[in-house]
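Results of the structural survey
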Amino acid sequence: LIDRCVHEFGSVDALVNCAGTAELSGSSILNVTSEQFRELLDAHLLTAFETCRAAAPKMVAQGGGAIVNQSSTAAWMYANYYGLAKVGINGLTQQLSRELGSQNIRINAIAPGPIDTEANRTTTPQEMVADIVKGIPLSRMGQPEDLVGMCLFLLSDQARWITGQIFNVDGGQIIRS
């Protein structure tokens, strides 16, 4: 993927890791098999690691770049193994910010709150969604386009002094200090 990007466009200036699955997201961490756990970590954490590892040398060779990883507010809500995978994304983001910063590569993460997507509508009971929305100060589910501005900002030169940060885009669902 990264080699094709360089071949077709000449460089890889930006990378957005936004892959994953919501399968079994409502399951207790102790009720899944080791295989299911590995599959979820592969889908969320290992794919981000692998694409960062593939893109970093290209970015170093061209003098820098920016990476945005997809986290989730589930990382702070102890939301079973989906949340655990997102804690891993946060740790990967912060670790790589230390390793890649001196080579002019910035890496940050966006932690969305609940987003109204087809996956969310089919995997999350709507009664649970209604309860979640009641606790969000802006009183609605997010829309995919609500994430675009933060992502574009973090990839832009306007964010050239920001790295290793996880930004909640969640309608006020989580407040961290």
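Criteria and thresholds
- Residues numbered from 1 in each chain as written.
- Predicted model: local features only at pLDDT ≥ 70, side-chain atom pairs only at ≥ 80, totals over all residues.
- Heavy atoms only, no water.
- Salt bridge = Lys/Arg side-chain N within 4 Å of Asp/Glu carboxyl O.
- Helix = DSSP H or I, 4+ residues; strand = E, 2+ residues; numbered from the N terminus.
- Buried < 20%, exposed > 50% of the residue type's maximum accessible area, 1.4 Å probe, protein only.
- Contact = heavy atoms within 4.5 Å.
- Polar contact = N/O pair within 3.5 Å; in protein donor to acceptor, adjacent residues only side chain to side chain.
- Pairing = 2+ DSSP bridges.

As a further point, take the pattern of salt bridges. Within this structure, the stated rule accounts for seven salt bridges. Notably, a salt bridge pairs Glu 8 with Arg 4, separated by 2.8 Å at the nearest N-O pair. With Glu 8 and Arg 4 both in helix H1 (residues 2–9) and four residues apart, the pair spans about one turn of that helix. By relative accessible area, Glu 8 is classed as partly exposed at 46%. Judged by its relative accessible area of 58%, Arg 4 falls in the exposed class. Within this structure, Asp 116, Glu 118 and Arg 121 form a network of salt bridges that share partners.

To continue, consider unusual backbone geometry. The residue Asn 104 is not glycine, and still its phi comes out positive at about 65°. When you line up the elements, Asn 104 lands in the loop between helix H4 (80–100) and strand S3 (105–112). With a phi close to 55°, Ser 139 is a non-glycine residue in the positive phi region.

Turning next to the environment of Ile 67. Tracing the chain through its elements places Ile 67 in strand S2 (residues 65–70). Remark: the alpha-carbon pair of Ile 67 and Pro 125, spanning 58 residues in sequence, is separated by 33 Å. Apart from the residues lying within four places of it in its own chain, the contact partners of Ile 67 are Leu 15, Asn 17, Cys 52, Met 59, Ile 105, Arg 106, Ile 107, Asn 108 and Leu 155.

Bringing the side chain of Ser 72 into the picture now. Inspection of the secondary structure puts Ser 72 in the loop between S2 and helix H3 (74–77). Note on Ser 72: relative accessible area 7%, which makes it buried. Among the polar contacts listed, one links the side chain of Ser 72 to the backbone nitrogen of Ala 74, at a separation of 3.0 Å. Beyond its immediate chain neighbours, meaning those up to four positions away, Ser 72 contacts Tyr 82, Lys 86, Ile 110, Ala 111 and Pro 112.

Looking now at the pairing of S3. For S3, the buried fraction is high: eight of the eight residues fall into the buried class. Burial along S3 is two-sided: the face carrying Ile 105, Ile 107, Ala 109 and Ala 111 and the face carrying Arg 106, Asn 108, Ile 110 and Pro 112 are both buried. Bridge count for S3 against strand S4 (residues 166–169) is four bridges, and the pairing is parallel. Looking at S4, one finds that Ala 111 is bridged to Asn 168.

What is shown is where atoms sit, not what they do.
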